[in-house]
Each structure stands twice: as C-alpha cells, then as structure tokens.
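Now for the letters of each chain:
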Amino acid sequence: PFDAVVTGDATPTPSAPVFEILRQTGLLCSCRPTTSGLVRLQVVGAKANAGHGHEDKGSLVLEAFGEELLIDRGTCFYGDARSELLKKAWRHNLLTPDDADGRPVAQVNPLPVDVIPRGRGDERTLHVEIDTTAGWPEFLAKWTRNIASDEPCRFTLRDVAERMAEGSVSLHFQSRFPWVVSGQSWESRGACACVRITPAWPVAHCKACEDLFDSAYIPVYRLGLHAPPGLRFDLETTIEVFKQ
C-alpha cells in the first residue's frame, strides 16, 4: 500500500497511501495533502474478540502539518496501576453514555462482533462510517459515527446514539495542549497547528482539564462535552485544523 519515493540522494522513503482500510485489524486511515502539509485521520475499529485491551473502538486520531492534535495516548508501563486508567473510553476521542451520576461508562472490551469502519476517500474528500453499538449493550440501543470531509482541514462528525433509558451522553477529545474556549468553540493550539471543536448541539456542561498523561508520562488534556439528558441524540460537531 506504500509507494516508494526517491529523494535527491536516491534513498527510497515510504509515502503513506491517501486512503486505506485494513479490514483484518479494523483501522481506516486518510492522509491528504494541503499547501501547509499533510492532514491525517485514523479511525479505530477491531475484529470480534480482538486482544487489544483499550476501550477505543470508534475513536479517531487527527494529525495536521506534522503535529498530533487529537491523540491516542497509548498506555504507560504496565507495572504502573494507572496504565489501566489510560485505556478507558473517555480517555479516547469517543462518545460515551453517562451513568445516573453523569459519569462516562466504560466500553465493553473485547467486543463480541466485528466493528470495521467503512468509507471512501481521495486527496480531497473523505467519508467514513462505523457502528459501535456493541460497545455498550446495557446502555445504548444504537451508536453510529459518521465523518464527512469535503476538504482536508474540515470534518463534520455526526454521532447518532439511542439510549435504552433516559440519560446523558458525552463527547471526549484528547490533546497534548490545553483546551481554551473561543466563542462557541473549544481550541487546542500546538507549536505549528491548531484544532477547533464546534458542537452544533446544546452543551449542558463541559470539562476541560489536564487528565493523566500519555505513554511517555507527558500530560494530556481532555475536553468532555455533555449533552442534555434524553433518549435519542443526533450530535453534529465540526472539527477544523489550522496552520499557525
């Protein structure tokens, strides 16, 4: 899937494919060029009963212009008891149902069915869908995630969820940089790139804070956006990246 690129010194280097789905592992990746550099999006799925032990099915990872913006934090040394905390669903870029006290609920792991993202993409556009209903059989009758992007620096994220009993859901984003409110949006600014999250739905309350760390013990900042209680949710959220 990789093309060899020959540089001036005739040393071949790999070039990432523009679009690829790895159906045996459940990963989808888009890597689109812009005048400022590449914008890369990865969506995480899995085969049934896969051994990977993180609650990350349906999560996404976003990089732009050589910088990580929405990250997968991985996990630290297994001898550190906090390694189990890093695997939780709300420490990935996911939607989760909330319990009766408003706290996010863990995802079933491993999932008993295949959860493989589907989609299509080229150097300009990208369309992705994944059904992760199986992650919360006691809470959700449905959760599907769709990502539409007509140009590399802007994504429309649509999460449709149906709860079995009335309650709230929350949307979580992880970054290496603090989250700052900007009007109706939240921004996280790195050294050369910025990501902006803009929900087109009412946010009942939010939490933006430093939340543990990544595999190298570098701090990670989590943004949690909570929807008002209900039974059915159709949450459209815009994700934009900018060169700084």
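Refer to the structure above for everything that follows.
Residues numbered from 1 in each chain as written. Predicted model: local features only at pLDDT ≥ 70, side-chain atom pairs only at ≥ 80, totals over all residues. Heavy atoms only, no water.

Concerning the side chain of R32
Working step 1: One can find R32 in strand β4 (residues 27–34).
Working step 2: Within the buried set, R32 has no salt-bridge partner at all; the shortest N-O distance to an opposite charge, 6.2 Å, is to D122.
Working step 3: A polar atom in the side chain of R32 sits 2.7 Å from the backbone oxygen of R124.
Working step 4: Separated by 2.8 Å, the side chains of R32 and S149 make a polar contact.
Working step 5: The contact partners of R32, leaving out residues within four places of it in the chain, are G37, L38, V39, D122, E123, R124, T125, L126, S149, E151, P152 and F155. (Helix = DSSP H or I, 4+ residues; strand = E, 2+ residues; numbered from the N terminus. Buried < 20%, exposed > 50% of the residue type's maximum accessible area, 1.4 Å probe, protein only. Lys, Arg positive; Asp, Glu negative; His and termini not counted. Salt bridge = Lys/Arg side-chain N within 4 Å of Asp/Glu carboxyl O. Polar contact = N/O pair within 3.5 Å; in protein donor to acceptor, adjacent residues only side chain to side chain. Contact = heavy atoms within 4.5 Å.)

With respect to the sheet that holds strand β18 (residues 219–226)
Working step 1: Pairing is antiparallel across the open sheet formed by four strands, whose spatial order is β8-β13-β18-β17. Lying at the two open borders of the sheet, with one neighbouring strand each, are β8 (95–97) and β17 (205–213). Between one strand axis and the next, the sheet turns by 30° as a mean value, whatever way the strands run.
Working step 2: Here β8 runs beside strand β13 (residues 169–175); their pairing, made up of three bridges, is antiparallel. By the bridge assignment for β13, T96 is matched with S170. (Pairing = 2+ DSSP bridges. Axes fitted to C-alpha atoms, helices over the stretch in contact; angles between N-to-C directions.)

Some words on the side chain of S188
Working step 1: Here S188 shows up in strand β15 (residues 185–189).
Working step 2: Within the local environment of S188, its side chain forms a polar contact with the backbone oxygen of F177, the two atoms lying 2.9 Å apart.
Working step 3: Residues within four places of S188 in sequence aside, it is in contact with S175, F177, P178, W179, A193, C194 and V195.

Some words on the packing of aromatic side chains
Working step 1: Enumeration according to the criterion identifies two aromatic pairs in this entry.
Working step 2: Arranged with centres 5.7 Å apart and planes meeting at 65°, the rings of W136 and W143 form a pair that is edge-to-face. Take W136 and W143: they sit in the same class, and that class is buried.
Working step 3: An angle of 35° between the planes, with centres 4.8 Å apart, marks the rings of F213 and Y217 as tilted. (Phe/Tyr/Trp six-rings, centres within 6.5 Å; stacked < 30°, edge-to-face > 60°.)

Brief notes about the sheet that holds strand β12 (residues 154–167)
Working step 1: Spatially, β9-β10-β11-β12-β19-β16-β15-β14 is the arrangement adopted by the eight strands of the open sheet, whose pairing is antiparallel. Each end of this open sheet is capped by a strand with a single partner; those strands are β9 (118–121) and β14 (179–182). Strand-to-strand, the axes of this sheet are offset by a mean angle of 20°, without reference to chain direction.
Working step 2: Note: strand β10 (residues 126–131) against strand β11 (residues 140–151), six bridges, orientation antiparallel. Residue pairing in the sheet places D131 in a bridge with T144 of β11.

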